[in-house]
Amino acid sequence: MSIGAWEWLKSKYSRGQSSVPPDHPCYWQTDIHSHLLPGLDDGVKTHEDSLMCIQQLVDWGITKIITTPHVSRDVFPNEAATILKQRDILQDQIEQANISVQIDVAAEYMLDDFFLSILAKGNLLSFGTERYLLIEMGWASPPRDLEQIIFQLLIDGYTPILAHPERYSYYLDNAEILQRLRELGCLFQLNWLSLTGQYGSRVSNQAQRLLKNNWVDFIGSDLHRPADLQKLGQLFTMPIYNSIANQPLRNSQL
Ligand SMILES: [Fe+2]
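Because the structure is a prediction, the values reported are computed rather than measured.

Conventions we followed
- Residues numbered from 1 in each chain as written.
- Predicted model: local features only at pLDDT ≥ 70, side-chain atom pairs only at ≥ 80, totals over all residues.
- Helix = DSSP H or I, 4+ residues; strand = E, 2+ residues; numbered from the N terminus.
- Buried ≥ 20, exposed ≤ 12 C-beta atoms within 10 Å, placed from the backbone.
- Contact = placed C-beta atoms within 7 Å.
- Axes fitted to C-alpha atoms, helices over the stretch in contact; angles between N-to-C directions.
- Left-handed = near helix turned anticlockwise from the far one by under 90°.
- Nonpolar A, V, L, I, M, F, W, Y, C, P; charged D, E, K, R; others polar.
- Core = buried A, V, L, I, M, F, W, Y, C linked by C-beta atoms within 7 Å.
- Pairing = 2+ DSSP bridges.
- Right-handed = clockwise from strand over helix to strand, strands pointing away.

1. Side note on the overall build of the protein chain
Along the backbone of the protein chain there are eight helices and nine strands. Across its three principal axes, the protein chain shows a C-alpha extent of roughly 50 × 50 × 30 Å. Split into buried and exposed, the 254 residues of the protein chain put 39% on the buried side. Pairs at least 24 residues apart make up 78% of the contacts formed inside the protein chain by residues separated by at least 6 positions.

As structure tokens, this is what we get:
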């Protein structure tokens, strides 16, 4: 694998021009967004595929994976107990495969009626001492009461993280709304694949806008299947990779 941009970062570090430890291309160490529990959503289908994905992340420098199955009313109404049970099974598989990585689970919650019902029951899977909660919105439109939901999450002691804000077509070219969400206390998680052009040039441009504004609190692979790995690896050869080092990333604090 050619990792030109990473080599550049290493040379910058050796000259004292960067404080980023350059041991591996994924120097942020913790991945907070992926779909690596087989059978729970549209992610990996088998444990073999899951282990293949995990091994590659580890080889890139990831030491902790918080995997996040979709939770939504219409398509993936996963309960917390089911997710935790699948985590235990994956944990056993990882130990048998002798892969050195810490595995935890949370979820990628669709902001729909099902979410509001589990929020009311207080049965959400968050992570970290800040009780980070990964949320996503539908592709057609955001929920009408989005600001109210964010407010409620904050009152309940969660720190909401909006998954891939660069991908919502209704927010393309609308930095004001994204700024408003940040002012409310919502953090942003950028999909690393958005920078590689995986979702088209408009999403890529929006991702670059987030970087320009220093609005990337977390970076995530949103890894669904082994076929994504080659595309993810492309990031390390791209000049835009260097912009990640300037972000207020919290991944490594987890
Ligand atoms: Fe996802």
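Here the narrative resumes, following the displayed structure.
2. Let's talk about the packing of helix α2 (residues 47–59) against helix α3 (residues 80–96)
Relative to each other, α2 and α3 sit at 65 degrees, their axes nearing to 11 Å. Both α2 and α3 take part in a crossing whose hand is right-handed. Where α2 approaches α3, its residues H47, S50, L51 and I54 are matched on the opposing element by L90, Q93 and I94. The residue inventory of the contact of α2 with α3, partitioned by class, reads four nonpolar, three polar and no charged.

3. Some details on the nonpolar core
Ranked by internal contacts, the top residues of the largest apolar core, which has 62 residues, are Y109, L134, I135 and I161. Among the elements that make up this core, the one with the highest residue count is strand β6 (residues 132–136) (four residues).

4. Things to note about the pairing of β6
The element β6 is extensively covered by neighbouring structure, given that five of its five residues are classed as buried. Both faces of β6 are covered, namely the face carrying Y132, L134 and E136 and the face carrying L133 and I135. Summarising the sheet, strand β5 (residues 108–110) and β6 pair through three bridges and their orientation is parallel. If you follow M110 over to β6, its bridge partner there is E136. As paired strands, β6 and strand β7 (residues 159–163) are joined by four bridges and run parallel to one another. Note on β7: the bridge partner recorded for I135 is L162. Between β6 and its parallel partner β7, the chain crosses via helix α5 (residues 146–155), and the hand of that crossover is right-handed.

5. Details of the sheet that holds β6
Spatially, β3-β5-β6-β7-β8-β9 is the arrangement adopted by the six strands of the open sheet, whose pairing is parallel. Across the chains shown, the open sheet's two edge strands, defined by having one partner strand only, are β3 (70–71) and β9 (218–220). Two strands pair when backbone bridges link them, and β7 and strand β8 (residues 187–191) are joined in this way by three bridges, in the parallel orientation. For A163, the partnering residue across the bridge sits in β8 and is Q189.

6. Considering unusual backbone geometry
Its identity is not glycine, yet N98 carries a phi of approximately 60 degrees, on the positive side. The topology assignment puts N98 in the loop between α3 and β4 (102–105).

7. With respect to the environment of L124
Structurally, L124 is set in the loop between α4 (113–121) and β6. In the structure, L124 is positioned 34 residues away from Y158 in sequence and 9.6 Å away in space, judged by C-alpha atoms.

8. Let's talk about the sheet that holds strand β2 (residues 64–67)
Read from one edge to the other, the open sheet built from three strands follows the order β1-β2-β4, with strand pairing classed as parallel. One side of each edge strand has no neighbouring strand; the edge strands of this open sheet are β1 (30–31) and β4. For β2 and β4, the ladder comprises four bridges, and the chain directions are parallel. Opposite T67, over in β4, you have V105 as the bridge partner.

9. Side note on the environment of G122
Mapping G122 onto the fold places it in the loop between α4 and β6. Judged by local crowding, G122 falls into the exposed class, with 8 C-beta atoms found within 10 Å. G122 sits 98 residues away from H24 along the chain, and the two C-alpha atoms are 38 Å apart.

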